[in-house]
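Chain and residue survey
So the chains spell out like this:
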Amino acid sequence: MKSRVWTFGFGNEQVWASVWILLAFSTLFFAGYTYVEKFQTGVVLLLILFVFVAVIVSNPNYFEVLRGLLPTIPAEYAPWVQQKYPEIAARPISLEVISYLGAIGGGTYDYIGYVGMYNEKKWGMLGSPNLDEINAKLIKLKAGERFPIDEGEQNTANVKAWAKAPLSDTLLSFVAVFIFSAAFMILGNVILGADGTQQVPNDREIMQFQAQFFEQISPALVYFYQLAVWAAFFGSMQASGTMMYAHTFYQCFAPAIRWVRETRFFNVRLLVAIIYSGGGLILVWTGLSFTTLVSFGALIGGVLSIGLWALAMLYTDSKFLPKKFQMAIGTKILLGIAGVVLTLMGIVAILQFFNVI
């Protein structure tokens, strides 16, 4: 665990990072997303299982765990953080909490890409044999024009049936995120917190300290954790860099740029993969702060723009969909609250990030 290249135990960390970036890029030409998705899902499910076992073994104060389910912002950092990590204690607590919120929930670029991934799943109308014809008509619509939507009983039933797939997929995903995040926070508090080793991950040791969660079950599980970390990161690199963010790029630019919508989708994937991989290599070899970049990215992409995205969905739903296809009133209220809260939190946190307030 003391090796700088923690996962494999030897070599140069920048060389290893570059190798995996380039290998992920190369899968654009010979591997499909489906295989990586299945492998990654299996490993992560096992990881969640062992994390759950680790929580039980750590025997936390379950009353405090339940109390922690109520969202609160502490008044100050724990004394040991102030003493051992003054650079962290110097940051506003609200900025730290909001950054974590953005990192856990994902970014707008992920959600736009997720919508684009419906094309891969062929959900709903995206599985229609005349999809190209429909898209061509949508592109040609002028300002103020509306694409006619069949409001008959059969189509209404189809729409409700189609909505079940993304609903169940999203619900399952966020339940997994909640369980995974809650378990890691519990273990972090018990093992790495005041009564444990009092350690906070840093730029050079992002995942190493968390291996102690599994070590308390069996030292052998540390190796599984290393495999799981590799699978999660490499799988995300491969899926995001060669597939999902290509859909993000397409959804954002196709309406305005003819080349994007008329070229083969592989060309879009290639362009995005080059940008994604090239940016990764630049970050690896320039030594920019990982935690600073993630924190800033989480604030912009995972908080502020998510709030704006929620408000945009609310507007789009009310403006462009027939009444019977719009969200339920309760959903609209929750979405509106989330949009306003996240937007305001994002603005405050960004101002704090740049020491404006």
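Residues numbered from 1 in each chain as written. Predicted model: local features only at pLDDT ≥ 70, side-chain atom pairs only at ≥ 80, totals over all residues. Heavy atoms only, no water.

A few points about the overall build of the chain
The cut-off we apply is this: Under the DSSP-based scheme used, a helix requires at least four consecutive residues in state H or I and a strand at least two consecutive residues in state E, with every element numbered from the N terminus. Atoms considered for the radius of gyration are the C-alpha atoms alone. The globule rule reads 2.2 Å times the number of residues to the power 0.38. Three labels apply to residues, based on accessible area from a 1.4 Å probe with only protein chains included: buried if under 20% of the type maximum, exposed if over 50%, partly exposed otherwise in between. Throughout, a contact is declared for two residues whenever any of their heavy atoms are within 4.5 Å. Under the counting rule used here, the positive set is Lys and Arg, the negative set is Asp and Glu, and His together with the chain ends is not counted. The atoms used to mark charge sites are NZ of Lys, CZ of Arg, CG of Asp and CD of Glu.
The helix and strand tally for the chain stands at 16 helices and 0 strands. For the chain, whose C-alpha radius of gyration is 23 Å, the value lies close to the compact-globule estimate of 21 Å for 357 residues. Taken along the three principal axes of its C-alpha coordinates, the chain extends 65 × 45 × 40 Å. Residues classed as buried in the chain amount to 33% of the 357 residues present. In the chain, the proportion of contacts linking residues at least 24 apart, taken out of those at least 6 apart, comes to 71%. In the chain, the 23 positive side-chain charges and the 21 negative ones have mean positions that sit 8 Å from each other.

Considering the side chain of serine 240
Position of serine 240 among the secondary structure elements: in helix H12 (residues 221–253). Classification of serine 240 by relative accessible area gives buried; the value is 10%. What serine 240 contacts, discounting residues up to four positions off in sequence, is Tyr245, Ala246 and Tyr276.

Looking at helix H10 (residues 153–191)
Rules: Multiplying 1.5 Å by the helix residue count minus one yields the expected span of that helix.
Relative to the 57 Å expected for 39 residues at 1.5 Å per residue, H10 spans 56 Å between its end C-alpha atoms, a close match to the ideal helical length. Those residues of H10 not exposed but buried are Asn155, Thr156, Pro166, Ser181, Ala183, Phe184, Ile186, Leu187, Gly188 and Ile191.

Some thoughts on a nonpolar patch on the surface
What counts is decided by this rule: Like-charged residues within 9 Å of one another, or nonpolar side chains (Val, Leu, Ile, Met, Phe, Trp, Tyr) within 5 Å, are grouped into patches, provided each residue has over 30% relative accessible area and no salt bridge. All accessibility values rest on the Shrake-Rupley procedure with a 1.4 Å probe; residue burial counts only the protein chains present in the view. Any Lys or Arg side-chain nitrogen located within 4 Å of an Asp or Glu carboxyl oxygen qualifies as a salt bridge.
On the surface, a cluster of nonpolar side chains totalling about 1,000 Å² of accessible area is made up of Phe296, Ile300, Leu308, Leu311, Val340, Leu344, Ile347, Val348, Leu351, Phe354, Val356 and Ile357. Of all the secondary-structure elements, those providing two or more residues to the nonpolar patch are helix H15 (290–320) and helix H16 (329–353). Among the elements that make up the nonpolar patch, the one with the highest residue count is H16 (5 residues). Tracing the sequence through the fold places leucine 311 in helix H15.

A few points about the environment of leucine 49
On the secondary structure map, leucine 49 appears in helix H2 (residues 33–58). Along the backbone, leucine 49 and leucine 335 are 286 residues apart, and their C-alpha atoms lie at a distance of 31 Å.

Here's the deal with the pattern of salt bridges
Counted under the stated rule, the structure contains 5 salt bridges. The partner of aspartate 317 in a salt bridge is lysine 332, and the shortest N-O contact between them spans 3.9 Å. In this pair, aspartate 317 sits in helix H15 while lysine 332 sits in helix H16, placing the two residues 15 residues apart along the sequence. Taken individually, aspartate 317 and lysine 332 each receive the classification buried, so the pair is uniform in this respect.

Looking at the nonpolar core
The criterion, for reference: What is meant by a nonpolar core is a set of buried Ala, Val, Leu, Ile, Met, Phe, Trp, Tyr and Cys residues, joined one to another through side-chain atoms within 4.5 Å.
Judged by nonpolar contacts, the single largest core of 23 residues is most densely connected at Leu47, Val51, Leu187, Phe213, Phe214 and Tyr225. The set of elements that each furnish at least two residues to this core consists of H2, H10, helix H11 (211–215) and H12. Per-element tally for this core: the top contributor is H12, with 7 residues. Those residues in contact with phenylalanine 214 that sit more than four places away from it in its chain are Leu47, Phe50, Val51, Leu221 and Tyr225.

Focus on the packing of helix H6 (residues 93–105) against H16
So the rule is basically this: Helix axes are fitted to C-alpha atoms over the stretch in contact, other axes to C-alpha atoms as well, and angles between N-to-C directions run from 0 to 180 degrees. For this classification, under 35 degrees means roughly parallel, over 145 means roughly antiparallel, 65 to 115 means roughly perpendicular, and everything else is oblique. Left-handed describes a crossing whose near helix is turned anticlockwise from the far helix through less than a right angle; right-handed describes the clockwise counterpart. The classification used treats Ala, Val, Leu, Ile, Met, Phe, Trp, Tyr, Cys and Pro as nonpolar, Asp, Glu, Lys and Arg as charged, and all other residues, Gly among them, as polar.
In contact at an axis separation of 9 Å, H6 and H16 are set at 125 degrees when each is read in the N-to-C sense. Judged on the interaxial angle alone, H16 and H6 are oblique. Helix-helix and strand crossings are classified by hand; for H6 and H16 the assignment is left-handed. Along its contact with H6, which presents Ser94, Leu95, Ile98 and Leu101, the element H16 presents Leu342, Met345, Ala349, Gln352 and Phe353. Grouping the constituent residues of the contact of H6 with H16 by class yields 7 nonpolar, 2 polar and no charged.

Overview of the packing of helix H1 (residues 13–30) against H12
Two numbers describe how H1 lies on H12: the axes approach to 9 Å, and their chain directions differ by 45 degrees. Between H1 and H12, the angle is such that the two are oblique. Considering only the axes of H1 and H12, their crossing is right-handed. The residues of H12 that touch H1, namely those facing Trp20, Ile21, Leu23, Ala24, Phe25, Thr27 and Leu28, are Trp230, Phe234, Met237, Gln238 and Thr242. Here the contact of H1 with H12 is composed, by residue class, of 9 nonpolar, 3 polar and no charged.

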